[in-house]
Amino acid sequence: QVQLVESGGGLVQAGGSLRLSCAASGRTFSTYTMGWFRQAPGKEREFVASITWNGPHTYYADSVKGRFTISRDDVKNTVYLQMNSLKPEDTAVYYCVADDSVLFSTKGSRYDYWGQGTQVTVSS
């Protein structure tokens, strides 16, 4: 079992920045692909970014490319999502995900472990 706990969400004005953190425990973090999904009210859950355990290699949704950066610290068992130039359409609950059998996928069903989510609200 892997437990994921997100933090760092909050309210920010458009153009501002936030950094989300996801602390993992329970298994060998360094061999897991980690990622972030988000879900806005009334919308489907969507892939945001992921980072593999090898390389590592990073992947981003087109909507956040150039503004968000995913990174990981395998010593601290933590993955981060640095979000810059935030827009009102980035408002959502952000979920941390983990899986040890996928290198890259935009499908949430491919990830076995999910955090409880953290709210990000961007005001215009």
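Whatever comes next refers back to the structure up there.
Residues numbered from 1 in each chain as written. Predicted model: local features only at pLDDT ≥ 70, side-chain atom pairs only at ≥ 80, totals over all residues. Heavy atoms only, no water.

Colleague: Please clarify how the nonpolar core should be interpreted in this entry.
Modeller: In a soluble, globular protein the nonpolar side chains are often hidden away together inside. Core analysis: the biggest nonpolar cluster contains 35 residues, and Leu4, Met34, Trp36, Val79, Leu81, Met83 and Tyr94 have the highest contact counts within it. In terms of residues, this core owes the most to one element, strand E9 (residues 92-99), which gives five residues. Beyond its immediate chain neighbours, meaning those up to four positions away, Tyr94 contacts Glu6, Leu20, Trp36, Phe37, Arg38, Val48, Phe68, Leu81, Met83, Gly117, Thr118 and Val120. (Core = buried A, V, L, I, M, F, W, Y, C linked by side-chain atoms within 4.5 Å. Buried < 20%, exposed > 50% of the residue type's maximum accessible area, 1.4 Å probe, protein only. Helix = DSSP H or I, 4+ residues; strand = E, 2+ residues; numbered from the N terminus. Contact = heavy atoms within 4.5 Å.)

Colleague: Whenever I open this one, the packing of aromatic side chains confuses me. Can you help?
Modeller: In total, this model carries seven aromatic pairs according to the counting rule given. Judged by centre distance (5.6 Å) and plane angle (80°), the rings of Phe37 and Phe47 are edge-to-face. One end of the pair, Phe37, is in strand E4 (residues 33-39); the other, Phe47, is in strand E5 (residues 46-51), with ten residues separating them in the sequence. Among the residues examined, Phe37 registers a relative accessible area of 1% and is labelled buried. (Phe/Tyr/Trp six-rings, centres within 6.5 Å; stacked < 30°, edge-to-face > 60°.)

Colleague: Looking at this model, I keep getting lost on a nonpolar patch on the surface. Mind explaining?
Modeller: Together, Trp53, Tyr59, Leu103 and Phe104 make up a nonpolar patch on the protein surface, roughly 380 Å² of accessible area in all. When you line up the elements, Tyr59 lands in strand E6 (residues 58-60). (Patch = residues over 30% accessible without salt bridge, like charges linked within 9 Å, V, L, I, M, F, W, Y side chains within 5 Å. Areas by Shrake-Rupley, 256 points an atom, 1.4 Å probe, with all protein chains shown as cover. Salt bridge = Lys/Arg side-chain N within 4 Å of Asp/Glu carboxyl O.)

Colleague: Explain the sheet that holds strand E1 (residues 3-7) here, please?
Modeller: Picture the strands of a sheet paired through backbone hydrogen bonds; they go either parallel or antiparallel. In spatial order, the strands read E1-E3-E8-E7; together these four strands make up an open sheet with antiparallel pairing. Two strands lie at the open edges of the sheet, namely E1 and strand E7 (68-73), each paired on one side alone. Looking at each pair of strands side by side, their axes are set apart by 15° on average, direction ignored. Two strands pair when backbone bridges link them, and E7 and strand E8 (residues 78-83) are joined in this way by six bridges, in the antiparallel orientation. Within the sheet, the bridge partner assigned to Ile70 lies in E8 and is Leu81. (Pairing = 2+ DSSP bridges. Axes fitted to C-alpha atoms, helices over the stretch in contact; angles between N-to-C directions.)

Colleague: It is not clear to me how the side chain of Thr33 should be interpreted in this structure. Could you clarify?
Modeller: Its place among the elements puts Thr33 in strand E4. Reaching out from Thr33, the side chain makes a polar contact with the backbone oxygen of Val102 at a distance of 2.7 Å. Sequence-distant contacts of Thr33, that is, excluding residues within four places in its chain, are made with Ile51, Thr52, Trp53, Arg72, Val97, Ala98, Asp99, Val102, Leu103 and Tyr111. (Polar contact = N/O pair within 3.5 Å; in protein donor to acceptor, adjacent residues only side chain to side chain.)

Colleague: In this structure, what is going on with the state of the cysteines? I would like to understand it.
Modeller: What is meant by a disulfide is a covalent connection between two cysteines, made through their sulfur atoms. According to the stated counting rule, one finds one disulfide in the structure shown. Across the disulfide, Cys22 is cross-linked to Cys96 (sulfur-sulfur distance 2.1 Å). Disulfide Cys22-Cys96: torsion about the S-S bond near -80°, hence left-handed. Here the residue Cys22 occupies a position in strand E3 (residues 18-25), and Cys96 occupies one in strand E9, the gap between them amounting to 74 residues. Across the pair, exposure class does not vary: Cys22 and Cys96 are buried alike. (Disulfide = S-S within 2.5 Å.)

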